[in-house]
Amino acid sequence: MNQAFIAIRKSGTPWFVNFWMNPWASDPASTELAIPVDRRILSVVAFASEESSKLVGVETKLANIPGMLTRLLITLVPRSVFMCSVQTPRQLARQILSAFALATLALVAMPLVPSMAGEKMLDAFPESASSGCMACHGEIELIRESGSEMMQQIMALGAELGDNAGCIVCHNGDPTETQDKAIAHGGDDFYPDPGSPWVNEDTCGRCHPTHVDVQWRSLMMTEAGKIQGVCWSFGGLTGYEHKYGNYAVENPSDPDARSGSKAYKAYMAKLKEMEPQVFVDRHEALPEALRFDQLDQLNEDPTLAAYTYIRQECQRCHLAVKGRQERGDYRGMGCSACHVPYGNEAFYEGDDPSIDHESPGHMLVHSIQGTREAKVTVHEETYSGIPVETCTTCHDRGKRIGVSFQGLMETPYEAPYAADGSAQPKLHTKHYIAMEQDIHYQKGMTCQDCHTSIDVHGDGFLAAANLGSVQIECSDCHGTPDIYPWDLPLGFMDEYQDSAATGAPRGLTTQLESHTSQGTIYDPQDGYLLTARGNPYGNVVRDGKDIIVHTAAGKDIRTSTLKKIKDTGKLSLEGTVAMSGVASHLKEMECYSCHASWAPQCYGCHVKIDFSQKDQCPECNESKSNFDWVAAGRKHQEPEHRTDRGETGYDTIIPGKITENRSYLRWEEPMLGVNGEGRVTPLAPGCQPSVTVIGADGKPILTNHIFKTPEGTEGGGDGGQLAIDMSPTQPHTMTKNARSCESCHASEKALGYGIDGGRSTRPPSDRVFVDLETVDGTILPKKTKPQLEPIENLPDDWSRIVDEEGNQLQTIGHHFKLSRALNNDERARMSREGACLACHQNIPNESLAVNLLHHVAKYAGQMPVTADQHNSLVNKIVLMSAWVQAIGIIGVPLAIVGGLMWVRRRREAKV
């Protein structure tokens with residue numbers, strides 16, 4: 001019996017389905033169609049087998065026909081098999097060619113459904129079909145592009161380890177198993193998240209050992225600044241020292257182990273001497289929170305609630321845990337937190353049918369994101385770099401710099417409503433309003449285009465606060481109107497002292513540091529720019545008087561330096577006056593003090609830590625408890641949990657339940673103060689807790705309590721200072737147009753006196769009743785209750801950090817020594833409040849000359865009305881006054897000298 005076959009094959013291993021085709025045959029006949037389900041079809045091959053095993057066939061290529069089509073095609077045809085006798089070779093050839101033609105026509109004519117993700121393993125590496133992993137994951141996307149050096153290294157190492165698909169290089173497991181998932185995934189030795197810090201020494205660390213090593217001392221892992229901040233707000237539990245981290249860790253013994261240039265290492269050694277409380281040698285492990293049998297200790301020491309607060313609420317973002325699985329908060333651990341894409345909804349949208357597409361909690365596609373070369377394809381859209389939304393998965397609390405960069409400000413309101421009429425969906429458990437986006441974001445830049453590898457990964461040594469970890473400044477790229485970036489000294493705008501940095505020009509470099517050698521290497525052109533601390537910007541180069549920023553997303557953004565803009569007459573009058581005319585601005589201020597268009601300001605953080613337990617509180621229906629994120633991270637340290645994909649099901653539950661509320665929100669121009677670098681900077685509420693602690697019996701231990709810092713700190717004298725903090729911040733809301741002069745020089749808020757000088761609000765320490773009352777304030781009903789309970793030790797508004805006499809009212813940036821409110825001299829020099837009165841006290845009748853000019857202008861129709869007319873008049877008066885005084889200073893002595901000479905000559909002439 002002779003049989004005809006059609007084979008549509010991808011890489012050598014077909015799956016057979018029955019497919020009727022042969023309308024021209026004299027008798028019913030059939031072919032068998034071999035279709036690689038869920039794989040792209042590379043070719044259609046028609047062939048025949050006879051009893052003599054003689055093969056006759058033709059072949060044609062089909063590009064990118066997805067496996068989805070084959071499934072559709074299969075459902076349209078009968079599955080019965082028809083066989084026929086073939087009388088002659090001519091008849092056999094006719095059957096083969098006719099079947100082949102119909103099969104090709106059917107496949108090509110059907111509408112093409114695009115692949116959802118990038119290259120497939122079996123497409124790029126046919127030899128991977130021999131791996132047992134491909135039995136289930138044949139449609140998986142390549143983790144990197146097939147031609148990339150990284151992918152080639154993975155495949156080579158995989159072949160050495162006996163896996164031609166390279167999967168075990170990252171995931172471990174058994175590549176020979178095709179039936180039993182538990183065996184294939186290798187039991188306890190399988191790595192579901194290869195980027196997890198608990199396993200990445202064996203995965204990512206094969207090729208990136210430095211980055212894996214430094215992760216444990218990075219601020220994203222230790223979160224030491226956040227821990228110290230909460231301890232500070234509970235009464236300065238650790239003082240200024242950044243004592244605790246999530247895990248016990250210490251610096252390398254060799255100072256030269258720090259990543260970076262020689263200049264950078266020397267710079268950081270100097271900073272360590274200046275700020276030893278931040279650049280510490282070691283962190284102790286964060287103390288445990290109270291257990292269920294220890295809650296009676298709260299009555300004697302309610303500050304112990306701080307550790308419950310830290311562990312439950314503050315530390316869910318550190319890299320050793322997968323974190324809260326909520327909309328916008330999904331991510332991987334360790335390296336995967338940044339380098340594996342997760343959508344806000346956390347659904348897998350790739351092509352692998354063995355990965356759940358219907359439940360959240362999965363990567364978007366099986367690809368690595370990072371440099372410009374690392375291409376990620378999702379629904380035929382290809383991108384490179386790390387999207388901003390990956391960063392905002394964590395950077396949406398605290399200073400909120402991630403969401404602010406995107407132009408999002410949180411709001412307590414649920415409007416505008418969604419398309420179905422429901423509430424605005426929560427993102428990071430918050431609602432938002434749309435604000436102006438940072439200009440860098442608008443230009444197509446992402447976080448990684450400014451922030452260096454050291455900013456993000458760390459340099460291998462502890463730096464316990466954001467300002468200490470970040471090595472970049474605005475002037476590194478933009479320079480000043482009078483100095484090119486490469487002519488600035490190292491440390492400019494990063495001084496940690498009271499005066500601007502001086503010294504030799506920092507220059508440029510053509511050499512990159514080893515810790516960035518595996519990233520994208522760009523042509524240095526005239527040279528790579530240097531950061532304020534002396535490391536090269538690998539993606540920012542000089543080209544004449546311009547700079548070019550090579551973004552990870554693929555753009556090459558050319559921008560002129562400020563000096564070139566000024567020299568070509570393109571700098572605005574406002575910019576020229578602010579940056580060149582008033583030289584002290586750039587000597588004493590951060591650029592973003594003026595160029596930040598808004599900043600999120602959440603005044604008053606009302607924290608309730610409720611330890612009510614059902615067995616001790618008869619009124620309670622349930623005991624209050626929640627998840628301990630630090631304990632969950634430490635649970636991964638146990639061998640049996642080292643490879644866990646996340647923390648689901650962990651028994652790290654501790655007593656207590658946290659709720660937070662705000663007094664009010666603002667976003668308009670923030671107040672100003674001084675940061676740790678000694679420069680004037682925007683301030684925004686940092687940690688301003690008013691703490692309520694409920695004991696195990698359900699009764700309050702503290703209500704609306706503000707702790708105080710240790711005596712003698714922060715200008716608080718013997719009683720200490722209120723432990724609510726107004727923090728220096730870089731809002732990440734930059735605009736080309738700076739805030740107006742008046743918004744600083746005529747603003748009580750900018751000076752630190754508070755919104756409207758703090759006069760608009762009644763003292764928070766007052767108890768407020770609202771009920772029927774007499775005109776003299778007597779509340780009439782006896783059965784009434786206060787509308788607002790007092791915050792007893794807060795006599796001033798949350799926004800008021802200093803009074804008119806210069807007395808400090810709360811703490812200002814407790815991490816660094818120089819952080820403070822503006823002092824009396826600075827406020828006096830800055831304030832121009834009431835400047836209008838300087839002129840108008842004499843207009844129109846208080847001076848004969850002014851009166852005369854006023855009436856002339858009035859009857860001539862020249863009275864200034866608009867701002868431009870006022871500005872023109874004031875400018876004219878200033879110039880006239882200057883010339884009169886200059887003539888007086890120079891002309892009068894000349895006239896006297898001339899007169900004396902004339903008198904002398906007259907006398908000599910008479911003689």
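Time to look at the packing of helix α10 (residues 224-233) against helix α12 (residues 305-314). Orientation of α10 relative to α12, taken along the N-to-C sense of each, is 140 degrees, at an axis distance of 10 Å. Relative to α12, the element α10 lies oblique. As for the relative orientation of α10 and α12, their crossing is right-handed in sense. Contacts from K226, I227, V230 and C231 of α10 reach α12 at A306, Y307, Y309, I310 and C314. For the contact of α10 with α12, the residue count by class is eight nonpolar, no polar and one charged.

The computed volume of the second largest pocket comes to approximately 840 Å³. If you trace the second largest pocket, you find 26 residues lining it, with E313, R397, T429, K430 and E660 closest to the centre. At the level of secondary structure, the elements contributing two or more residues to the lining of the second largest pocket comprise α12, β11 (408-411), β18 (625-627) and β20 (657-666). No other element matches the nine residues that β20 contributes to the lining of the second largest pocket.

With that settled, the discussion passes to the state of the cysteines. Enumeration according to the criterion identifies one disulfide in this entry. In this model C617 forms its disulfide with C620; the gap between the sulfur atoms is 2.2 Å. Sign of the S-S torsion, about 70 degrees for the bond between C617 and C620, identifies this disulfide as right-handed. For the pair C617 and C620, one class covers both residues: buried. Between C136, a cysteine without a disulfide, and C133, which holds the nearest cysteine sulfur, the sulfur-to-sulfur distance is 9.0 Å. Lacking any disulfide linkage, C231 is separated from the closest cysteine sulfur, that of C314, by 9.8 Å.

Side chains of nonpolar character tend, in soluble globular proteins, to be buried together. Judged by nonpolar contacts, the single largest core of 27 residues is most densely connected at F234, L286, A305, Y309, I310, I609 and F611. Core analysis: the next-biggest nonpolar cluster, separate from the first, contains 26 residues, Y603, V680, C744 and L794 among them.

This brings us to the side chain of D459. Within the secondary structure, D459 is located in the loop between α18 (453-457) and α19 (466-469). For D459, the side chain forms a polar contact with the side chain of Y264, separated by 2.7 Å. Here F461 takes part through its backbone nitrogen, which lies 2.9 Å from a polar atom of the side chain of D459. In contact with D459, other than residues within four places in its own chain, are V214, A257, R258, S259, Y264, M268 and I454.

With that settled, consider the sheet that holds strand β24 (residues 700-705). The strand order across the open sheet formed by four strands is β20-β17-β23-β24, and the pairing between neighbours is mixed. In this open sheet, the two edge strands, each paired with only one partner strand, are β20 and β24. Direction aside, neighbouring strands of the sheet carry axes that sit 15 degrees apart on average. Across the sheet, α12 is in contact with β17 (601-610), β20 and β23 (689-694); its angle to β20 comes to roughly 80 degrees.

Below, the discussion takes up the side chain of Q294. Following the sequence through the fold, Q294 ends up in the loop between β8 (282-285) and α12. Judged by relative accessible area, Q294 falls into the buried class, the value being 18%. Engagement of the side chain of Q294 in a polar contact is seen with the backbone nitrogen of R291, the distance being 2.9 Å.

With that settled, consider empty space enclosed by the protein. Within this structure, the stated rule accounts for five cavities of 30 Å³ or more. In this structure, the largest cavity occupies an estimated 100 Å³ of space. Contributing to the lining of the largest cavity are 15 residues, with I454, G458, D459, A463 and S469 lying nearest its centre. Mapped onto the lining of the largest cavity, the elements with two or more residues apiece are α11 (262-274), α18 and α19. Among the elements that line the lining of the largest cavity, the one with the most residues is α18, at three residues. Among the residues making up the lining of the largest cavity, the classes are represented as seven nonpolar, four polar and four charged.

This brings us to α11. Here α11 contains 13 residues, and its C-alpha end-to-end distance of 19 Å stays within 8% of the 18 Å for a straight helix at 1.5 Å per residue. On its buried face, α11 is in contact with α18 and α19.

For the rest of this paragraph, the subject is the confidence of the model for the protein chain. Confidence in the prediction for the protein chain averages 86 pLDDT; 85% of positions are at 70 or higher. Within the model, pLDDT remains below 50 along residues 1-87, and this stretch shows 201 contacts once partners closer than five positions in the same chain are excluded. Note that residues 105-114 has pLDDT below 50 and, in this model, 18 contacts with residues that lie over four places away or in other chains.

Turning our attention to α10. With nine of its 10 residues buried, α10 lies for the most part within the structure. Considered for burial, the residues of α10 that qualify are A224, G225, I227, Q228, G229, V230, C231, W232 and S233. Tucked into the core, α10 has its buried residues touching α9 (219-222), β6 (244-245), β8, α12, β23 and β26 (811-812). Where α10 ends, the next residue or the one after it, G235, has phi of about 105 degrees, a positive value.

So, about a nonpolar patch on the surface. Nonpolar side chains collect at one region of the surface, where L573, V577 and V582 lie side by side and expose about 250 Å² of accessible area between them. Residue position: V577 is located in helix α22 (residues 573-581).

On to the pattern of salt bridges. Considering all chains together, one arrives at 38 salt bridges under this definition. D628 is the partner of R311 in a salt bridge, and the nearest nitrogen-oxygen pair spans 2.9 Å. Residue R311 is located in helix α12, and its partner D628 is located in the loop between β18 and α25 (629-635); the two are separated by 317 residues in the primary sequence. A single burial state applies to R311 and to D628, both of which are buried.

Looking now at the sheet that holds strand β15 (residues 546-550). The strands that make up a sheet are held in pairs by hydrogen bonds between backbone atoms, and each pair lies either parallel or antiparallel. Taken in spatial order, the four strands of this open sheet run β13-β14-β15-β16, and their pairing is antiparallel. Of all strands in the sheet, those with a lone pairing partner are β13 (528-530) and β16 (556-560), marking the two edges. Across the sheet, the mean angle from the axis of one strand to that of its neighbour is 40 degrees, orientation sign disregarded. Judged from the four bridges that link them, strand β14 (residues 536-543) and β15 form a sheet pairing that is antiparallel. Residue V541 lies in a different strand from β15, and its bridge partner there is I548.

Rules and cut-offs
Residues numbered from 1 in each chain as written. Predicted model: local features only at pLDDT ≥ 70, side-chain atom pairs only at ≥ 80, totals over all residues. Heavy atoms only, no water. Axes fitted to C-alpha atoms, helices over the stretch in contact; angles between N-to-C directions. Helix = DSSP H or I, 4+ residues; strand = E, 2+ residues; numbered from the N terminus. Parallel < 35°, antiparallel > 145°, perpendicular 65-115°, else oblique. Left-handed = near helix turned anticlockwise from the far one by under 90°. Contact = heavy atoms within 4.5 Å. Nonpolar A, V, L, I, M, F, W, Y, C, P; charged D, E, K, R; others polar. 1 Å grid on protein atoms, 1.4 Å probe; cavity = no way out; pocket = protein on both sides within 12 Å on 5 of 7 lines; lining within 4 Å. Points joined across faces, edges and corners; volume = space filled by probe spheres on them. Disulfide = S-S within 2.5 Å. Buried < 20%, exposed > 50% of the residue type's maximum accessible area, 1.4 Å probe, protein only. Core = buried A, V, L, I, M, F, W, Y, C linked by side-chain atoms within 4.5 Å. Polar contact = N/O pair within 3.5 Å; in protein donor to acceptor, adjacent residues only side chain to side chain. Pairing = 2+ DSSP bridges. Expected span 1.5 Å × (residues − 1). pLDDT = per-residue confidence, 0-100. Patch = residues over 30% accessible without salt bridge, like charges linked within 9 Å, V, L, I, M, F, W, Y side chains within 5 Å. Areas by Shrake-Rupley, 256 points an atom, 1.4 Å probe, with all protein chains shown as cover. Salt bridge = Lys/Arg side-chain N within 4 Å of Asp/Glu carboxyl O.

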